[in-house]
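# Analysis of the macromolecular model
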Amino acid sequence: MARHSELREHAIREVRATGRPIAHVAKDLGIHKEALRGGVRQAEADRGERDDRVTTAEQDELKQLRKEVAELRRVNEILKAASVFLPRRSTALRTRPGR
């Protein structure tokens, strides 16, 4: 997997440094041209050169927030289920006279 990442990064640098068409660089390196095109676009977004994509950092943050929301929903469901077993207090018991 690290080798794949290195090849992808090399290909992106090659496109940016030489200005060669993505399809030519992809063919030379044995990468699918659309995969390289997506990588170049993502690298541009990460550098703030385009605003039509979320950055990798934003993708990571969204992924983490989605995990947190799922966990909070799971905990909320557990608490709702557990509340059935807790005794309910009437409103009269909660309000004390003279206060």
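Description of the structure in this document. Keep in mind that this is a model prediction, so the values were computed, not measured. (Residues numbered from 1 in each chain as written. Predicted model: local features only at pLDDT ≥ 70, side-chain atom pairs only at ≥ 80, totals over all residues. Heavy atoms only, no water.)

The next point concerns the overall build of the protein. Looking only at helices and strands, the protein has five helices and zero strands in total. Listing the helices and strands of the protein from first to last along the sequence gives α-α-α-α-α. For the protein, the proportion of its 99 residues judged to be buried stands at 15%. For the protein, the accessible area works out to roughly 8,500 Å², and carbon and sulfur atoms hold 54% of it. (Helix = DSSP H or I, 4+ residues; strand = E, 2+ residues; numbered from the N terminus. Buried < 20%, exposed > 50% of the residue type's maximum accessible area, 1.4 Å probe, protein only. Areas by Shrake-Rupley, 256 points an atom, 1.4 Å probe, with all protein chains shown as cover.)

In this section: helix 2 (residues 22-29). Side chains three or four residues apart in an α-helix point the same way, a direct result of the helix having 3.6 residues per turn. Ile22, Val25 and Ala26 are the residues of helix 2 that are buried. Seen end-on, helix 2 carries its buried residues on one side only, within an arc spanning 100°. Facing away from the buried side of helix 2 by over 90 degrees, the exposed positions are Lys27 and Asp28. Residues of helix 2 that are buried make contact with helix 1 (2-18) and helix 3 (33-46). At the C-terminal side of helix 2, Gly30 shows a positive phi close to 75°. (Arc of directions from axis to C-beta. Contact = heavy atoms within 4.5 Å.)

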